[in-house]
Amino acid sequence: MATLVERIRQALGKRDGISEETMRPLATAYADEVTRVNTRLAEAVALLHKGLRSEGIQVASISPNAIDAAAKLDLPDDEREDWFDILQFLDVPVPPKLERDLVDQLNEAIVETQPLEGLLTNHRRLAIARAPLAWRLKVLRRIAEVDATTPVWEEDIESWEKVRHKQLTTEARAAISAKDPVALKALQDELTQSAWRLPPDPKLTARVSATLTGLTEQDTISQLQGVAAKLNDAFCQFDEPGARSELTRWNELAATLTSPLPQELEEAAEPPILWLREIDREKQSRAQRAAAIGGLEAVLDRKAPVDDLERAYQQTTLFEQPPPDELVQRYQVAIEDRQMTKKRQFLSIIAAVFAATVIAIVAFAWWQIDAAKQARAIAAEQELQSLLDSGDLDGASSFHANLRETDPQLAGTSAIASLNSQVQTAIGQRTQRAEQFADYLAKANADVDAEIDLSALNRAEKLAETDEQKGRVFELRSRYSAWEASIATQQTKELLEELKSTRDTLTELEEGAGGDDASRTLSRILDSLKALPSTFPRAASSALAQVNSVKTRTNSLDKAIRQRRERMTIRDAAMEDVHAAKSLDQLAERLKRSASQLDDASLADEFRRAASERELWDQGLMWNEYANTASKAFTSGLSAESMQSIVSAKSALGRGVDHSLMQLPVPVADRIERFADRTEVLKRVLGGLPNTVVADLYTVVVEDGRGDRYFVFKSYYDRKRDSVFAPSDDGRAKHPGVEVVANDSGAIKTVGLEGNFEIHKEPYASIKALASMYAARGDEFLSDWEGEFLKLIATVRGRDQLDGQIKEMLLQHLLSGAIEGSAYLSKALSEDLRWLEGRSNEIAYWYEPSVPDNSLGPNVEQRMIPKLSRVYQNRPKLDLKSLKLRDLKFDWVGTLGRGDDGSMAVKLNQPAAANGNLAIVRPSPTAPEKADWVPIGRLKSGTVELTQSEADWIAGRPVFLYPNNPDSVSSSSRR
């Protein structure tokens with residue numbers, strides 16, 4: 001019994017096997033089997049992936065063996081694709097593909113675990129199942145490893161590898177053409193990981209790897225596009241965790257690329273990436289600020305020197321947000337405490353110096369008093385000067401007040417007084433500066449952060465001297481900076497949204513046709529982009545930098561659209577020139593001319609290809625010549641000559657056209673098909689009648705027509721007419737030696753006859769009449785085979801003087817020929833013919849003398865004559881008017897062209913008045929030298945409806961109109 005795959009091949013190989021009724025059950029059965037086998041294979045491989053190799057092999061080996069079943073269902077790629085194309089054309093669901101990769105994994109597992117005997121068994125089983133060569137090679141290589149002492153395995157491997165090399169080239173070409181990454185990965189693994197004895201072509205391996213890499217990168221870029229969309233969604237919703245998750249995925253995918261990211265993709269992901277980086281920067285800034293605050297607190301806790309305090313405090317002021325007020329107060333208190341401690345130390349030193357001076361005066365005597373006063377004055381002057389130089393005005397004022405109390409005379413010296421005057425002047429200036437600071441600070445301050453006066457704040461900042469003043473300035477500036485940052489964030493967000501909207505618009509324009517509306521839109525976009533920096537002046541610099549990139553993209557798109565419009569203008573002009581052709585010759589010439597002028601290489605190639613098919617158009621239109629020849633012949637009256645013309649036209653059509661979309665109506669086609677056979681039948685049945693025995697016989701009835709009848713040859717009668725056959729006066733003449741027919745082969749015998757004879761020229765006259773009718777009405781048989789034969793039968797029946805047995809013989813002879821040339825008569829009268837043939841014994845002795853009887857036998861008359869009458873009335877009649885043979889033709893009505901979006905469209909030469917089907921001519925896939933008619937749609941009320949796939953359509957091919965239901969015939973002619 002044939003396997004399912006063999007039944008599929010047989011159906012594809014039959015002429016009438018490619019039909020929906022044949023293919024649908026095969027496709028359904030194949031789909032069920034493949035689904036069942038794939039399910040079992042998947043279950044087994046799932047166990048392999050879990051490390052349960054033995055269990056997986058066992059599951060696959062349960063009867064029926066899944067691997068054997070897969071081998072029986074496997075179709076070569078080219079056969080499978082051809083079959084699937086046919087199923088799609090017939091609108092039959094395409095079965096799933098056999099999972100060969102799962103079979104490969106199971107075979108590898110089996111090969112790795114089987115001993116030699118098991119390997120040999122598996123090897124034989126795969127050979128019987130005609131498994132793919134790749135599967136069998138793996139087993140054979142394992143056998144060679146296990147049975148290394150047998151050299152024949154290596155020879156077989158090398159032989160098989162040579163064949164496999166050719167298969168790999170074919171499979172690689174198909175996988176590259178189909179852009180099938182799964183098939184390419186399997187081929188790459190086989191090419192690079194198999195233990196080849198004869199290494200495959202490195203160029204093939206490189207081509208497969210390069211194509212697979214390209215497809216992988218395309219897939220990666222496609223995934224990156226999806227990630228970019230999710231990144232932007234998370235950014236618009238301020239979903240930081242979601243954005244970070246997508247960014248991790250983005251970085252992982254981008255790291256696998258070997259080529260740079262496309263600019264559009266990089267721009268699409270840039271806003272959310274910059275947003276996350278800004279968040280990271282802010283987090284880092286907050287962490288650094290927290291560390292600085294912690295450092296200041298640590299310095300305060302350990303009561304460090306003033307220099308350490310000031311350095312730690314300065315670190316906390318480097319950030320936009322000021323340090324906490326409590327920490328600032330602690331810092332200020334610590335500074336003041338350390339300053340007071342320094343003053344007390346200074347005063348202690350002064351007191352000690354003073355005491356030492358007094359003691360020295362007492363010790364050295366009174367004569368040294370003047371010198372001591374002078375030294376004290378110098379020391380006091382130096383100390384006061386030092387305090388003034390250090391800016392410690394409060395310390396200098398306190399020193400002078402103390403000096404005035406302890407030594408008014410010294411305090412009144414001109415030098416001390418001058419220095420004190422400077423101190424008081426500086427104190428006054430400081431007070432005035434503090435007042436100015438307070439005024440400017442009050443002017444700068446405002447309840448609304450946006451209204452803070454930066455100019456006054458800057459003046460106050462220049463006047464600030466104390467930490468308290470600087471802290472107040474910092475606080476006010478921090479408020480303004482916070483407001484400014486919020487505005488910047490808001491403007492950055494709005495700017496990015498504006499840019500995203502612009503990018504979306506650009507993407508839509510890139511995917512669109514790019515007409516005048518697109519140019520106007522791009523002009524508006526450019527104007528908008530120019531205004532964005534002034535509209536969002538506080539936006540982040542990274543966001544503002546994107547404006548230029550979008551400008552560049554907009555300008556590039558504008559340029560591309562202009563160039564595309566120019567190309568479209570040239571293309572449209574070329575298409576119009578082609579469509580304006582008035583003849584097919586002119587169409588071919590214009591296609592060639594336009595192809596040489598077009599910048600569009602693809603369209604130019606299509607035009608050149610279409611022009612190269614010029615001869616095929618004429619070959620396809622051979623149908624018109626065939627149909628026209630048939631129409632003329634059947635309209636003017638069929639003849640052997642006209643039928644021969646039809647046959648010649650049909651033969652020419654067969655040589656030039658592989659597949660036509662129209663057929664002549666069944667009655668017409670049947671007459672053409674049967675022409676040769678019917679001609680032979682007529683020659684044999686009617687043309688051969690004069691050569692029969694009865695054709696030269698006369699009927700002789702003795703006793704003046706009252707006796708028996710005999711048959712004599714016409715030539716004998718002619719010789720003996722005046723002697724033997726001359727009438728006597730008394731009618732009693734005896735004729736002892738008359739030659740009469742003695743058997744059915746025409747032998748004669750001599751008999752004695754009496755009386756006058758009544759002579760009838762039958763059956764000679766009937767045969768002659770039939771021959772004359774054949775000669776005169778031979779062409780009528782071509783038009784009305786059944787009617788003409790039945791008329792002949794009626795003529796024979798109506799011959800008054802023709803013997804009844806001869807009539808039945810002729811009836812049987814004519815009916816046999818009529819049935820041989822007519823399916824209708826065969827169906828209607830074959831049983832009756834067999835009945836007549838069964839009566840042959842009753843008329844076998846027609847030549848023997850008998851009483852004259854010119855009628856058919858009663859049984860024959862009752863059975864045959866009414867039946868023949870009904871058959872004649874109901875015979876198929878050729879109604880040429882209803883068949884409309886002249887309408888069965890292809891009319892050139894337009895040309896295939898490309899629309900603005902690249903899709904196919906039909907340009908009609910002029911408004912079509914008739915409805916019908918549309919078709920094109922292409923080279924036959926099986927015989928490229930022949931034309932092949934392909935339906936593409938229909939024309940209805942002047943509107944073109946394309947219904948077929950555009951897979952093999954090319955621009956420039958002429959489009960032809962042909963009638964709806966071209967093989968329809970009238971009801972009367974189908975009976």
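Fair warning: this is a prediction, and the values are worked out from it, not measured in the lab.

This part covers the sheet that holds strand 2 (residues 697-701). Hydrogen bonds along the backbone pair up the strands of a sheet, which may run parallel or antiparallel. Pairing in this open sheet of 3 strands is antiparallel, and the strands run 3-2-6 from one edge to the other. The sheet is open, and its two borders are formed by strand 3 (709-713) and strand 6 (758-760), each paired with just one other strand. Each adjacent strand pair in this sheet contributes to an overall mean axis angle of 30°, direction not counted. Two strands pair when backbone bridges link them, and strand 2 and strand 3 are joined in this way by 5 bridges, in the antiparallel orientation. Its bridge partner lying in strand 3, Val-701 is registered against Arg-709.

Bringing the domain arrangement of the protein chain into the picture now. For the protein chain, the assigned domains are domain 1 (4-118), domain 2 (285-344), domain 3 (377-465), domain 4 (488-559), domain 5 (581-663 + 883-962) and domain 6 (667-874). For domain 3 versus domain 5, the distance between C-alpha centres works out to 108 Å.

A word on the pairing of strand 8 (residues 904-908). By the alternation rule, side chains of strand 8 split into Met-904, Val-906 and Leu-908, which are all buried, and Ala-905 and Lys-907, of which none is buried. Judged from the 5 bridges that link them, strand 7 (residues 891-898) and strand 8 form a sheet pairing that is antiparallel. Bridge assignment links Gly-897 to a residue of strand 8, and that residue is Ala-905.

On to the packing of helix 34 (residues 804-820) against helix 35 (residues 823-838). The geometry of helix 34 relative to helix 35 is characterised by a closest axis approach of 10 Å and an angle of 150° between their N-to-C directions. Here helix 34 runs over helix 35; the crossing is left-handed. Where helix 34 approaches helix 35, its residues Glu-808, Leu-811, Gln-812, Leu-815, Ser-816, Ala-818 and Ile-819 are matched on the opposing element by Leu-825, Ser-826, Leu-829, Ser-830, Leu-833, Leu-836 and Glu-837. For the contact of helix 34 with helix 35, the per-class residue count stands at 8 nonpolar, 4 polar and 2 charged.

The next thing to look at is unusual backbone geometry. Both trends apply: most residues other than glycine have a negative phi, and most peptide bonds are in trans. A cis geometry characterises the amide bond from Ser-63 onward to Pro-64, with omega recorded as -5°. Examined against the element boundaries, Pro-64 turns out to sit in the loop between helix 3 (53-61) and helix 4 (66-73). Each neighbour pair has its own omega, and for Glu-762 with Pro-763 the value is 5°, a cis peptide bond. With respect to the helices, strands and loops of the structure, Pro-763 is situated in the loop between strand 6 and helix 32 (764-783). In the Ramachandran plot, Lys-179 falls in the positive-phi region, its phi being about 55° despite a non-glycine side chain. Inspection of the secondary structure assignment puts Lys-179 in the loop between helix 9 (152-178) and helix 10 (181-193). In this model, Glu-703 sits at a positive phi of 55°, which is unusual for a non-glycine residue. Residue Glu-703 is classed as partly exposed on the basis of its relative accessible area, which comes to 43%.

What follows deals with the environment of Val-681. Tracing the backbone shows Val-681 in helix 30 (residues 675-685). When its relative accessible area of 3% is taken as the criterion, Val-681 is described as buried. Setting aside its immediate chain neighbours within four residues, Val-681 contacts Leu-686, Trp-785, Gly-817 and Glu-820.

A cluster of acidic residues, Glu-703, Asp-704, Asp-708 and Glu-758, forms a negative patch at the surface. Locating Glu-703 in the fold gives a position in the loop between strand 2 and strand 3.

Another aspect to go through is the packing of aromatic side chains. Aromatic ring pairs are defined here through the distance separating the ring centres and the angle between the ring planes. In the structure shown here, the tally under the stated rule is 17 aromatic pairs. Note on Trp-623 and Tyr-626: the rings are 5.4 Å apart at their centroids and 75° apart in plane angle, and the pair reads as edge-to-face. Taken together, the positions of Trp-623 and Tyr-626, both in helix 27 (residues 622-636) and 3 residues apart, correspond to about one turn of that helix. A residue is classified by how much of its surface remains accessible, and Trp-623, at 1% relative accessible area, is buried. Here Tyr-626 falls in the buried class, since its relative accessible area comes to 6%. Considering the side-chain rings of Tyr-845 and Tyr-847, the 6.1 Å spacing of their centres and the 70° angle between planes classify their relative orientation as edge-to-face. Each residue in the set Tyr-698, Tyr-716, Tyr-717, Phe-725, Phe-757 and Tyr-764 is aromatic and connected to the rest through ring pairs, giving one cluster. Its guanidinium or amino end placed over the ring of Trp-160, Arg-136 lies 4.9 Å from that ring's centre, counting from NZ or CZ. Between Arg-875 and the ring centre of Tyr-872, over which it is positioned, the NZ or CZ distance is 4.1 Å.

For helix 33 (residues 785-797), built from 13 residues, the straight-helix expectation of 18 Å at 1.5 Å per residue is met to within 8% by its first-to-last C-alpha distance of 19 Å. Along its buried surface, helix 33 packs onto helix 30, helix 32, helix 34, helix 35 and helix 37 (858-873).

Bringing empty space enclosed by the protein into the picture now. In the structure shown here, the tally under the stated rule is 4 cavities of 30 Å³ or more. Taken as a whole, the largest cavity holds about 80 Å³ of empty space. Looking at the largest cavity, the residues that line it are Asn-232, Phe-235, Cys-236, Phe-238, Pro-271, Lys-493, Leu-496, Glu-497 and Lys-500. Of all the elements, helix 21 (residues 467-511) adds the most residues to the lining of the largest cavity, at 4 residues.

About the cut-offs
Residues numbered from 1 in each chain as written. Predicted model: local features only at pLDDT ≥ 70, side-chain atom pairs only at ≥ 80, totals over all residues. Heavy atoms only, no water. Pairing = 2+ DSSP bridges. Helix = DSSP H or I, 4+ residues; strand = E, 2+ residues; numbered from the N terminus. Axes fitted to C-alpha atoms, helices over the stretch in contact; angles between N-to-C directions. Domains from an automatic or database assignment. Buried < 20%, exposed > 50% of the residue type's maximum accessible area, 1.4 Å probe, protein only. Left-handed = near helix turned anticlockwise from the far one by under 90°. Contact = heavy atoms within 4.5 Å. Nonpolar A, V, L, I, M, F, W, Y, C, P; charged D, E, K, R; others polar. Patch = residues over 30% accessible without salt bridge, like charges linked within 9 Å, V, L, I, M, F, W, Y side chains within 5 Å. Areas by Shrake-Rupley, 256 points an atom, 1.4 Å probe, with all protein chains shown as cover. Salt bridge = Lys/Arg side-chain N within 4 Å of Asp/Glu carboxyl O. Lys, Arg positive; Asp, Glu negative; His and termini not counted. Charge placed at Lys NZ, Arg CZ, Asp CG, Glu CD. Phe/Tyr/Trp six-rings, centres within 6.5 Å; stacked < 30°, edge-to-face > 60°. Lys NZ or Arg CZ within 6 Å of the ring centre and 35° of its normal. Expected span 1.5 Å × (residues − 1). 1 Å grid on protein atoms, 1.4 Å probe; cavity = no way out; pocket = protein on both sides within 12 Å on 5 of 7 lines; lining within 4 Å. Points joined across faces, edges and corners; volume = space filled by probe spheres on them.

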